[in-house]
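# Structure assessment
For reference, the chains in residue letters:
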Amino acid sequence: MLRIFPFDQIGVSDALVQFERKYKLILPEEYRNFLLKYNGGITLQTSFKIKKESSDIRAFYGFENAEYEYNFQYLMDHDFLSDYIEVDYLPIAEDSFGNYILLGIAKQNYNQIAFFDHEKQKIIPFLVSFKEFLGSIKSKVCKIKSIDERIQKMKEVNSPVIVDDELKAIWQEEIDKYAGREQVIVKL
């Protein structure tokens with residue numbers, strides 16, 4: 001089951017309509033509902049395996065108030081989106097290695113998930129729907145640990161890493177990023 005820290009949904013409905021008009025496409029209903037309900041979001045400790053392909057998932061893309069790096073606007077600004085739309089796919093998520101999870105948007109692949117392996121420059125169709133793909137995802141419950149908890153864990157495992165102010169600042173940034181946000185189970 002997919003657990004996600006969803007992005008803010010304000011303005012998503014209008015942005016979705018404008019996006020479909022701009023690219024002259026109609027997104028599959030399951031995926032539209034996902035965007036309207038969650039607007040994508042960040043996933044921690046999340047992975048999938050379909051056939052021989054497996055990977056993690058860092059985030060699902062969203063609109064408007066989604067973090068810029070995981071926003072469809074980012075894909076448009078960096079000219080990534082048009083290349084995929086030309087071959088009848090829409091990037092909907094990414095993994096930690098720079099690969100994309102794609103959603104089919106043409107008649108022959110509509111609502112079918114594929115994987116873009118950027119090293120091989122190859123699209124690998126999974127032949128599963130968006131909803132079936134969500135069912136293949138496994139996410140762990142994530143508790144964002146405090147700085148003290150992290151230091152204690154490092155002591156327990158005899159970590160050689162030196163905890164200095166720079167590392168504490170990185171940890172604090174992550175803690176602040178997720179403060180007050182709820183990790184939810186995605187249900188369509």
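Report follows, based on the coordinates. (Residues numbered from 1 in each chain as written. Predicted model: local features only at pLDDT ≥ 70, side-chain atom pairs only at ≥ 80, totals over all residues. Heavy atoms only, no water.)

### Considerations on the packing of aromatic side chains
The line we're drawing: Between 30 and 60 degrees the pair is tilted, below 30 it is stacked and above 60 it is edge-to-face, where a pair is any two Phe, Tyr or Trp rings, Trp via its six-membered ring, whose centres lie within 6.5 Å. Helical segments are the DSSP runs of H or I of at least four residues, strand segments are the runs of E of at least two, and each set is numbered from the N terminus. Relative accessible area decides the class of each residue, using a 1.4 Å probe on protein chains only: under 20% of the type maximum gives buried, over 50% gives exposed, and in between gives partly exposed.
Scanning all chains against the criterion turns up 19 aromatic pairs. Taking the centre distance of 5.2 Å and the plane angle of 45° together, the rings of Phe-19 and Phe-72 count as tilted. Placement of Phe-19 in helix α1 (residues 12-23) and of Phe-72 in helix α3 (residues 72-77) is noted, with a sequence separation of 53 residues between them. Given a relative accessible area of 4%, Phe-19 falls into the buried group. The class of Phe-72 is buried, set by a relative accessible area of 0%. Residues Tyr-31 and Phe-34 carry aromatic rings whose centres are separated by 6.1 Å and whose planes lie at 20° to one another, so their mutual orientation is stacked. Of the two residues, Tyr-31 and Phe-34 both sit in helix α2 (residues 29-38), three residues apart, roughly one turn of that helix. With relative accessibility at 0%, the residue Tyr-31 sits in the buried group. Classification of Phe-34 by relative accessible area gives buried; the value is 0%. An aromatic cluster is built from Phe-19, Tyr-23, Tyr-61, Phe-63, Phe-72, Tyr-84, Tyr-100 and Phe-116, whose rings are joined through pairwise contacts.

### Let's talk about the sheet that holds strand β4 (residues 53-56)
Quick note on the threshold: We treat two strands as partners when DSSP finds at least two bridges between them. Note on geometry: axes are C-alpha line fits, over the in-contact stretch for helices, and angles between N-to-C directions span 0 to 180 degrees.
One open sheet holds the three strands; their spatial order is β4-β3-β10, and the pairing between them is antiparallel. The strands lining the two open edges of the sheet, one partner per strand, are β4 and β10 (137-139). The sheet shows a mean angle of 15° between the axes of neighbouring strands, taken without regard to direction.

### Quick look at the nonpolar core
The condition is simple: Residues enter a nonpolar core if they are buried and are Ala, Val, Leu, Ile, Met, Phe, Trp, Tyr or Cys, with the set joined through side-chain atoms within 4.5 Å. In what follows, residue pairs with any heavy atoms lying within 4.5 Å of each other are defined as contacts.
Counting 56 residues, the largest nonpolar core has Tyr-31, Phe-34, Phe-60, Phe-72, Ile-92 and Phe-133 as its most contacted members. It is α1 that contributes the most residues to this core, five residues altogether. Apart from the residues within four sequence positions on either side, Phe-133 is in contact with Phe-48, Ile-50, Ile-57, Phe-60, Ile-101, Ile-113 and Val-128. With six residues, the next largest nonpolar core counts Ile-147, Met-154, Trp-171 and Ile-175 among its residues.

### A closer look at the pattern of salt bridges
Just so we agree on the cut-off: Definition used for salt bridges: Asp or Glu carboxyl oxygen within 4 Å of a side-chain nitrogen of Lys or Arg.
Here the structure, examined in full by the defined rule, presents four salt bridges. For the salt bridge of Arg-58 with Glu-69, the shortest nitrogen-to-oxygen distance reads 3.3 Å. With Arg-58 in the loop between β4 and β5 (59-60) and Glu-69 in the loop between β5 and α3, the pair connects residues that are eleven residues apart, well separated along the chain. Put simply, Arg-58, Glu-69 and Glu-94 are held in one network by salt bridges that share partners.

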